[in-house]
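Residue-level structure breakdown
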Amino acid sequence: MNVLVLTRYSRMGASSRLRMLQYIETGSLGDARFEIYPLLDDAYLRTIYAKKRVSLLSLARAYCKRLLVLFRVRKFDVVWIEKELFPNFPSWFEYWLARSGIPYLVDYDDAIFHNYDVSLNPFKRLLKNKIRNVMRHAALVVPGNPYLAHHALEAGARRVEIFPTVIDLQRYSSPDKFAGEKPFVIGWIGSPSTVKFLRPLLPVLKRLAAIFPIELAVIGGQLDATECNFIRYIAWQEKTEVMEIHRFDVGIMPLVDEPWERGKNGGKLIQYMACGKAVIASPVGVNVEIVQAGVNGLLADTEEAWFNALSMLITNPEVREKMGQKGRAMVEEKYCVQVTGPRLLHLLRQVVAESKGVKRVAFQ
């Protein structure tokens, strides 16, 4: 089986790395043969994270390269697309693939359709139905959570299979026993575009810092909060991210309850749990499925709830250790490539078989 893999980013992009590339690199998809072509390079991401303007010429080159790849598409059995072929462009090429009899599956880890249907940009609003069309013509839609799956079903997608964002257990060793070190480390991992969700928590963290010796460890982003001397910033590196999360005492995922955030996949929660950490999250979107309140973590929707949740875990090391153990067990059971890889391989084979008129076989 020859698979053309069209990711949005290279390894620097978390969505491409976790949703697609890690399956290939870990050998979770058997002996299938993959050719991988990212649309946007690391220079693009660095520019976006630095909040600088992206060169239109560089974008044009990226789109031209992708177009050249599509000219070779008939040598492949199936095309695996991340989100869409050409952002901010009509779904003509996805439609062409479908009409040409070349099956494609499309993966979503975010509510990318809200980039169009709720955009204030009038040109983007013209594409409000674009992602619906991409989903409808796909042989398979692979959303990361029920919110995205609901949108795909409403769009008329032929087949929808939910795949949560997962981790590779080989990278996440079993957690160490609680060490009781000070200060108490409240950890967050993300990107410069999502670090904004920490800002509403700063008043809570200031209250805590007046009572307990705490540290907020921020991996992958920076806040303009010079008055908060308890924050430690850590540059994200793939080779060190697991080690840094192991240093957390608790992992957090605050969010606002808005359309885009309801489509989030909770990937950072899975990372925390894989390292045996108790978690606290806003009860938004898939977070309420990942976090079993009182079992593997806590949910908090107000400043007072966040203060109480953090205070409880700071003062109860045995509770957070038990929560961490439960979280790790959940990851081993359902949130790792070792579990989801065989199912994804089966679906890829089914898509190819059905395109050739072979009857569908149930997954064992």
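Before reading further, recall that the structure is shown in the block above.
Summary of the structure given here.

About the cut-offs
Residues numbered from 1 in each chain as written. Predicted model: local features only at pLDDT ≥ 70, side-chain atom pairs only at ≥ 80, totals over all residues. Heavy atoms only, no water. Helix = DSSP H or I, 4+ residues; strand = E, 2+ residues; numbered from the N terminus. Buried < 20%, exposed > 50% of the residue type's maximum accessible area, 1.4 Å probe, protein only. Core = buried A, V, L, I, M, F, W, Y, C linked by side-chain atoms within 4.5 Å. Contact = heavy atoms within 4.5 Å. Pairing = 2+ DSSP bridges. Axes fitted to C-alpha atoms, helices over the stretch in contact; angles between N-to-C directions. Parallel < 35°, antiparallel > 145°, perpendicular 65-115°, else oblique. Left-handed = near helix turned anticlockwise from the far one by under 90°. Nonpolar A, V, L, I, M, F, W, Y, C, P; charged D, E, K, R; others polar. Right-handed = clockwise from strand over helix to strand, strands pointing away. Polar contact = N/O pair within 3.5 Å; in protein donor to acceptor, adjacent residues only side chain to side chain.

The subject of this paragraph is unusual backbone geometry. Despite not being glycine, Lys51 shows a phi value in the positive range, around 60°. Following the sequence through the fold, Lys51 ends up in the loop between helix H2 (42-49) and helix H3 (56-70). We classify Lys51 as exposed; its relative accessible area is 75%.

So, on to the nonpolar core. Core analysis: the largest hydrophobic core is formed by 85 residues, its most contacted members being Trp80, Ile186, Leu205, Leu208, Ile252, Ile280 and Leu310. The contact partners of Ile186, leaving out residues within four places of it in the chain, are Leu205, Leu208, Ile214, Glu215, Leu216, Ala217, Val250, Ile252 and Leu310. Core analysis: the next-biggest nonpolar cluster, separate from the first, contains 31 residues, Val69, Leu85, Tyr104 and Ala152 among them.

Here the focus is the sheet that holds strand S6 (residues 184-189). Strands sit in the order S8-S7-S6-S9-S10-S11 across an open sheet of 6 strands; the sheet is parallel. Here the strands that pair on one side only, and so sit at the sheet edges, are strand S8 (231-234) and strand S11 (297-299). Within this sheet the neighbouring strands show an average axis-to-axis angle of 20°, counted without direction. For strand S9 (residues 250-253) and strand S10 (residues 278-281), the ladder comprises 4 bridges, and the chain directions are parallel. Counterpart to Val250 in the pairing with S10 is Ala278. Against the sheet, helix H15 (residues 317-334) makes contact with S6, S10 and S11, and its axis sits at roughly 90° relative to S10, the strand it touches most.

With that out of the way, let us pick up the packing of helix H9 (residues 202-209) against helix H14 (residues 303-315). As a packed pair, H9 and H14 sit with axes 9 Å apart at the nearest point and diverge in direction by 40°. Classified by the interaxial angle, the pair formed by H9 and H14 is oblique. You can see that H9 and H14 cross each other, and the crossing is right-handed. For the pair H9 and H14, the contacting residues are Pro203, Val204, Leu205, Arg207 and Leu208 in the first and Glu303, Glu304, Trp306, Phe307, Leu310, Ser311 and Ile314 in the second. Counted by class, the contact of H9 with H14 contains 8 nonpolar, 1 polar and 3 charged residues.

As a further point, take the pairing of S6. Each regular strand shows side chains that alternate between the opposite faces of the sheet. Within S6, 6 of the 6 residues are buried, leaving the element largely enclosed by the surrounding structure. Taking every second residue as pointing to the same face, both faces of S6 are buried, with Phe184, Ile186 and Trp188 on one and Val185, Gly187 and Ile189 on the other. Pairing of S6 with strand S7 (residues 214-219), which is carried by 6 bridges, proceeds in the parallel orientation. The partner of Val185 across the bridge, within S7, is Glu215. For the segment spanning S6, H9 and S7, crossover handedness is right-handed. Note: S6 against S9, 2 bridges, orientation parallel. Bridging across to S9, Ile186 finds its partner in Val250.

Moving on: the sheet that holds strand S5 (residues 140-143). Reading across from one edge, S2-S1-S3-S4-S5 is the order of the 5 strands in this open sheet, with parallel pairing throughout. The strands lining the two open edges of the sheet, one partner per strand, are strand S2 (33-36) and S5. With strand direction ignored, the average angle separating the axes of adjacent strands in the sheet is 20°. The sheet contact formed by strand S1 (residues 2-6) and S2 spans 4 bridges and is parallel. Residue pairing for S2: Val5 is matched across the bridge by Ile36. In the packing of helix H7 (residues 130-137) onto the sheet, contacts are made with strand S4 (104-108) and S5, and the angle to S4 comes to roughly 135°.

Attention now goes to H2. Note on helix geometry: an α-helix contains 3.6 residues per turn, so any two residues three or four positions apart are oriented the same way. Sitting at the amino-terminal end of H2 is Asp41, which places a side-chain oxygen 3.2 Å from the backbone nitrogen of Ala43. Directly after H2, the chain includes Lys51, whose backbone phi takes a positive value near 60°.

None of this, on its own, says anything about what the molecule does.
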